[in-house]
Amino acid sequence: MDKELDNFIIDAFKEIGSIGMGNATTSLSKMIEKRVQLNLSDARLFEPSAIIDMIPDSITMTGIMIPVRGDINGLVMLLFEFGNAVYLSNLLLQRIEHDDDPSIYESALLETGNIITGSYLGSLSSFLNLKIMHSVPDISLGPIKDILNKGISMMGDETANILNLETMFMVYSSE
């Protein structure tokens with residue numbers, strides 16, 4: 001019974017996530033002036049150690065961590081392979097005059113995290129009639145183990161499982 005309930009809840013999060021990702025797609029597309037497609041390909045519960053085992057230490061990751069408070073408390077974490085994070089931040093900044101200060105690239109990624117998180121949590125809040133607020137995002141670079149450990153410490157080491165909503169971003173070169 002618990003397994004069926006878990007599967008039902010995960011499917012519900014996946015469906016709500018698809019709606020929220022649709023809203024995020026529109027916002028992101030307008031920001032970079034390119035067609036963007038987000039596909040929510042999988043939703044599963046993982047223990048943190050299982051995620052650490054899936055991504056080798058040799059791969060540098062970028063983690064955007066956004067605390068969530070209200071009727072649901074937790075942490076939204078967006079994970080990108082470092083090269084993909086650089087590509088996305090370059091797309092976001094392509095029409096903005098700036099120097100090569102790394103903080104502006106981080107700022108662009110943090111704002112993207114705010115948009116995606118806000119879209120997802122807005123859908124979740126509407127569908128479940130919950131009050132959910134997200135807080136100031138933080139960014140971290142390095143091996144997945146370090147990023148997850150930082151996220152777990154931000155939550156107070158209370159993490160049993162992580163709900164992973166695997167999403168594929170596709171940016172098309174022409175509008």
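The structure contained in this document is the topic of the report that follows. In this text the structure is predicted, and so the values were computed from the model without any measurement.

In the Ramachandran plot, glutamate 33 falls in the positive-phi region, its phi being about 55° despite a non-glycine side chain. Residue position: glutamate 33 is located in the loop between α1 (2–32) and β1 (36–46). By relative accessible area, glutamate 33 is classed as partly exposed at 37%. Its identity is not glycine, yet asparagine 129 carries a phi of approximately 50°, on the positive side. As for its placement among the helices and strands, asparagine 129 is situated in the loop between α4 (102–128) and β4 (132–134).

Should the charged atoms of two oppositely charged side chains come close, the side chains can pair. The full count for this structure, using the stated rule, is one salt bridge. Across the salt bridge formed by aspartate 138 and lysine 150, the nearest N and O atoms sit 2.8 Å from each other. Within this pair, whereas aspartate 138 is found in strand β5 (residues 138–142), its partner lysine 150 is found in helix α5 (residues 144–154), the two being separated by twelve residues in sequence. The class of aspartate 138 is partly exposed, set by a relative accessible area of 27%.

Attention shifts here to the packing of aromatic side chains. One pass over the full model with this rule turns up zero aromatic pairs. Across the ring face of tyrosine 172, the terminal group of arginine 35 is positioned such that the distance to the ring centre comes to 3.9 Å.

What follows covers the packing of helix α3 (residues 82–93) against α4. Packed helices, taken two at a time, are described by the angle their axes make and the gap between the axes. As a packed pair, α3 and α4 sit with axes 9 Å apart at the nearest point and diverge in direction by 90°. The angle between α3 and α4 places the two elements in the roughly perpendicular class. Between α3, through Ala85, Leu88, Ser89, Asn90, Leu92 and Leu93, and α4, the contact on the second element is made entirely by Ile104, Tyr105, Ala108, Leu109 and Thr112. Split into classes, the residues belonging to the contact of α3 with α4 amount to eight nonpolar, three polar and no charged.

Counting residues in each nonpolar core, the largest one holds 21 residues, and the members touching the most others are Ile64, Leu78, Phe80, Leu88, Leu92 and Leu109. At the level of elements, α1, β1, β2 (61–70), β3 (74–81), α3 and α4 are the ones that each hand at least two residues to this core. If we ignore the near neighbours within four places in the chain, the residues touching leucine 92 are Leu28, Met31, Ile32, Ala108 and Thr112. In terms of nonpolar packing, the next biggest core, distinct from the first, is built from ten residues, Met61, Met65, Ile144 and Ile162 among them.

Before going further, it helps to examine α3. Between its terminal C-alpha atoms α3 stretches 17 Å, which fits the 16 Å expected from twelve residues at 1.5 Å a residue. Those residues of α3 that fall on the buried side of the exposure criterion are Ala85, Leu88, Ser89, Leu91, Leu92 and Leu93.

On the surface, a cluster of negative charge is contributed by Asp99, Asp100, Asp101 and Glu106. We classify aspartate 100 as exposed; its relative accessible area is 64%.

Attention now moves to the side chain of threonine 25. Mapped onto the elements, threonine 25 comes out in helix α1. When neighbours within four sequence positions are excluded, threonine 25 is seen to be in contact with Val36, Gln37 and Leu38.

Now for α4. End to end, α4 covers 39 Å across 27 residues, agreeing with the expected 39 Å (1.5 Å per residue, within 8%). Asparagine 129 sits one or two residues past α4 and shows a positive phi near 50°.

Of the strand pairs in this sheet, β2 and β3 are connected by eight bridges, and their pairing is antiparallel. Considered in β3, the bridge of proline 67 is made with leucine 75. Between β2 and the antiparallel strand that follows it, β3, lie three residues.

The rules behind the values
Residues numbered from 1 in each chain as written. Predicted model: local features only at pLDDT ≥ 70, side-chain atom pairs only at ≥ 80, totals over all residues. Heavy atoms only, no water. Helix = DSSP H or I, 4+ residues; strand = E, 2+ residues; numbered from the N terminus. Buried < 20%, exposed > 50% of the residue type's maximum accessible area, 1.4 Å probe, protein only. Salt bridge = Lys/Arg side-chain N within 4 Å of Asp/Glu carboxyl O. Phe/Tyr/Trp six-rings, centres within 6.5 Å; stacked < 30°, edge-to-face > 60°. Lys NZ or Arg CZ within 6 Å of the ring centre and 35° of its normal. Axes fitted to C-alpha atoms, helices over the stretch in contact; angles between N-to-C directions. Parallel < 35°, antiparallel > 145°, perpendicular 65-115°, else oblique. Contact = heavy atoms within 4.5 Å. Nonpolar A, V, L, I, M, F, W, Y, C, P; charged D, E, K, R; others polar. Core = buried A, V, L, I, M, F, W, Y, C linked by side-chain atoms within 4.5 Å. Expected span 1.5 Å × (residues − 1). Patch = residues over 30% accessible without salt bridge, like charges linked within 9 Å, V, L, I, M, F, W, Y side chains within 5 Å. Areas by Shrake-Rupley, 256 points an atom, 1.4 Å probe, with all protein chains shown as cover. Lys, Arg positive; Asp, Glu negative; His and termini not counted. Charge placed at Lys NZ, Arg CZ, Asp CG, Glu CD. Pairing = 2+ DSSP bridges.

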